[in-house]
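# Topology and contacts: notes
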Amino acid sequence: MSLITIGVADVSRAQRFYEALGWKMDGGVDNEDDHVVFFQAAGIIVALWDRAKLAEDSCVDDNGGWGGVTLAYNVNSPEEADAVLEEARAAGGDVPRPGAKTFWDGYSGIFTDPDGHPWEVAHNPRWTVHEDGRTTLD
């Protein structure tokens, strides 16, 4: 696992909470359309993003049963992302959002496991995926 995105009601409030725990913000997006915060946490990245936007991006309905979290697997190229999505489909998962270019200049798609848990498979050209699978913010 390389990235955990936590859907929150108020990104700024959540950011303050995690910073109060000692987490150091390491990048993010803050404009009139979006607000997302990234933290480096050991071998993974934790992101905070608007819960409704996360549900829409993950192709799930947030009817209270979804936990507001999408797991992510980062890879080194768009081609590798497509290969992982196909592996998930072949293993019995669904691919509700095929791989495609993103608004953040990367590439990603979503697969869901047999229980409906969404996973984003992503290539972010500004992040490094190390040989051991760790993903780090550049």
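Quick caveat: nothing in here was measured; it's all calculated off a predicted structure.

## Quick notes on helix α3 (residues 78–90)
Taking 1.5 Å as the rise per residue, α3 with 13 residues should run 18 Å; its terminal C-alpha atoms sit 18 Å apart, in good agreement. Turning to α3, its buried residues are A81, V84, L85 and A88. Seen end-on, α3 carries its buried residues on one side only, within an arc spanning 100°. Residues of α3 that are exposed and point over 90 degrees away from its buried face: E79, E87 and A90. The inward-facing, buried residues of α3 abut β5 (69–74), β6 (94–101), β7 (107–112) and β8 (118–123). Downstream of α3 by one or two residues, G92 has phi in the positive range, about 110°.

## Things to note about the pairing of strand β1 (residues 3–8)
Across the six residues that make up β1, a large majority, five, are buried. In this sheet, strand β4 (residues 44–50) lies alongside β1 in parallel orientation, the contact comprising six bridges. What sits directly across from V8, in β4, is D50. The pairing of β1 with β5 spans four bridges and is antiparallel. Each bridged residue has a counterpart across the sheet, and for I4 the counterpart in β5 is L71.

About the thresholds
Residues numbered from 1 in each chain as written. Predicted model: local features only at pLDDT ≥ 70, side-chain atom pairs only at ≥ 80, totals over all residues. Heavy atoms only, no water. Helix = DSSP H or I, 4+ residues; strand = E, 2+ residues; numbered from the N terminus. Expected span 1.5 Å × (residues − 1). Buried < 20%, exposed > 50% of the residue type's maximum accessible area, 1.4 Å probe, protein only. Arc of directions from axis to C-beta. Contact = heavy atoms within 4.5 Å. Pairing = 2+ DSSP bridges.

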